[in-house]
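The residues making up each chain are set out below.
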Amino acid sequence: MTSSTNLGPATSLIHHGYTPPAGFVAVQPGIFKASTVIFPDTAALRARNWKEKSGYTYGLHGTPTTFTLEERIATLEGGTHALLLPSGLAAIALVDLALLESGDELLIPDNAYGPGKELARNELTRWGITHRFYDPMDAAGLERMIGPKTKLVWLEAPGSVTMEFPDLAALASVSRAKGVTTALDNTWGAGVAFNPFALPGNAAVDISMQALTKYPSGGGDVLMGSVTTRDEALHLRLKFAHMRQGWGVGANDAELVLRSLPTLALRYAAQDRAARTLAEWFVQRSEIARVLHPALPGSPGFAHWQNTCHAAAGLFSVVFDARYASEEVDAFVDALKLFRIGYSWAGPVSLVVPYHVQGMRSQPTPYAGVVVRFSIGFEAVEDLLADLLQALGVAFGAA
Ligand SMILES: Cc1ncc(COP(=O)(O)O)c(C=O)c1O
């Protein structure tokens, strides 16, 4: 069918007869790009089933590149099935839209990633899906809140910005005992710090979602999300909604994540080490009222972190003493030279963002001072320490 002889250049360059030999093997998988997928004949067109990974039907439903990434993410998470989405926030939205309907209630940790809470406050509320925020450090309280309308409980470990590490096993168990599906935002754990499908005491979440934007990418240059399960029926529910909503990821972005995955565990360990060194250094500083890092004794939920995890992400927050005004803490942040001001984490560049956490929660937090979150990159720790020290000097005249 595809012969390049007797055809003009326009046609022969589109319908070219050459097929490279099979059997090419390299370190990284190839990149396959498609909206259209070509079928050999009509029988193949009719026989192909988009729900199965036995063949290809359309770019949105999978290519060798996205199938390969899905399989690797499922393995990373300790699950069996994964779906890819164009951002972590889209992955949160997929779970909500696939599992909830009008009249249902959703429970979200009060310290969850903010935009997921905004989705509940806006679109979900307009569609008749109610929500409440629960205290993730109180499993008995969650158990009391779960009612007949509760259909989904989100979990997040640790909490966004304030870094409280919950008793995930207890939260998952009380939800399961009441027949309610749990979905964990596992972006911080990244599939490295703990297995969300094998928590202490035989507990497990039903769904693990990740912003692949962070650790699996590691470059600060890709947006992507995943939703992983160990349950075929639950996976199919999510997969059908994923198909109907038109979620898909580009091959070049998938390839960037595939290229980063082999170094994920090494990067995670290096950023963990550096973050703990800096968090411990901050404990001694008189400007700082509290250091919030789940692996630091005294940090909220430290015992749960110890019981659940064997590693920690390169992320921590410090609470400045309440005697410092917001402008003074801003002056410290502005004086930093290596830490850049920007959202997200797990990339090569260390990042910093100041937060006023009181406005971010439905309940008051115990932190009166400004909270500053640090994401640690790959710079030398001694250079980062020197940068912190000089910025404290600029802002507060400290030695
Ligand atoms: C815990 C957590 N979950 C989800 C997301 C959303 O990921 P994305 O930026 O890919 O939408 C973020 C982003 O900062 C996050 O910190």
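Located above this text is the structure these notes cover.
Thresholds applied
Residues numbered from 1 in each chain as written. Predicted model: local features only at pLDDT ≥ 70, side-chain atom pairs only at ≥ 80, totals over all residues. Heavy atoms only, no water. Axes fitted to C-alpha atoms, helices over the stretch in contact; angles between N-to-C directions. Helix = DSSP H or I, 4+ residues; strand = E, 2+ residues; numbered from the N terminus. Parallel < 35°, antiparallel > 145°, perpendicular 65-115°, else oblique. Left-handed = near helix turned anticlockwise from the far one by under 90°. Contact = heavy atoms within 4.5 Å. Near = heavy atom within 4 Å. Polar contact = N/O pair within 3.5 Å; in protein donor to acceptor, adjacent residues only side chain to side chain. Nonpolar A, V, L, I, M, F, W, Y, C, P; charged D, E, K, R; others polar. Pairing = 2+ DSSP bridges.

**Student:** When you look at the packing of helix H4 (residues 88–99) against helix H5 (residues 114–126) in this model, what are you seeing that I'm missing?
**Tutor:** Helix-helix packing is characterised by the crossing angle of the two axes and by the distance between the axes. Interhelical geometry of H4 versus H5 gives an angle of 45° and a closest axis separation of 10 Å. Classified by the interaxial angle, the pair formed by H4 and H5 is oblique. Note on packing geometry: the crossing formed by H4 with H5 is right-handed. Facing Leu89, Ile92, Ala93, Asp96 and Leu97 of H4, the residues of H5 in contact are Pro115, Gly116, Leu119 and Leu124.

**Student:** It is not clear to me how the packing of H4 against helix H8 (residues 232–245) should be interpreted in this structure. Could you clarify?
**Tutor:** One way to put it is that H4 packs onto H8 with a least axis distance of 9 Å and a crossing angle of 105°. Classified by the angle their axes make, H4 and H8 are roughly perpendicular. Of H8, the residues touching H4 (which contributes Leu94, Val95, Leu97, Ala98 and Leu99) are Leu234, Arg237, Leu238, Ala241, His242 and Gln245.

**Student:** What should I look at first to understand the site of the ligand in this one?
**Tutor:** Every one of the 13 residues lining the ligand counts as a neighbour, but Gly88, Leu89, Asp185, Thr213 and Lys214 are closest to it. One nitrogen or oxygen atom from the side chain of Asp185 is found 2.6 Å from a nitrogen atom belonging to the ligand. Between the ligand and the protein, one listed contact pairs an oxygen atom with a side-chain N or O atom of Thr213 at 2.5 Å. Broken down by secondary-structure element, the contributors of at least two residues to the shell around the ligand are H4 and strand S6 (207–211). Here the residues of the shell around the ligand are counted per class, giving 6 nonpolar, 4 polar and 3 charged.

**Student:** Would you take a moment to explain the sheet that holds strand S2 (residues 105–109) for this structure?
**Tutor:** Within a beta sheet, neighbouring strands are joined by backbone hydrogen bonds and run either parallel or antiparallel to one another. Spatially, the 7 strands line up as an open sheet ordered S1-S7-S6-S5-S4-S2-S3, and their pairing is mixed. Each of the sheet's edge strands pairs with one partner strand only, and the pair in question is strand S1 (81–85) and strand S3 (130–134). For this sheet the average axis-to-axis angle between neighbouring strands, irrespective of direction, equals 20°. Of the strand pairs in this sheet, S2 and strand S4 (residues 150–156) are connected by 3 bridges, and their pairing is parallel. In the strand pairing of S4, Leu107 is matched with Val153. Here helix H3 (residues 64–77) sits on the sheet in contact with S1, S6 and strand S7 (225–229), set at roughly 120° to S1. Sheet contacts for helix H7 (residues 168–177): S3, S4 and strand S5 (181–185); angle to S4, the most-contacted strand, approximately 175°.

**Student:** Is there a simple way to think about the sheet that holds strand S10 (residues 340–341) in this case?
**Tutor:** Ordered in space as S8-S9-S12-S11-S10, the 5 strands form an open sheet in which the pairing is mixed. This sheet does not close on itself; its edge strands, each paired only once, are strand S8 (288–292) and S10. Here strand S11 (residues 351–355) pairs with strand S12 (residues 371–375) via 5 bridges, running antiparallel. Residue Val353 lies in a different strand from S12, and its bridge partner there is Arg373. The sheet strands contacting helix H10 (residues 264–283) are S8, strand S9 (315–320) and S12, and the helix crosses S9 at an angle near 15°.

Nothing here speaks to function; it is all geometry.
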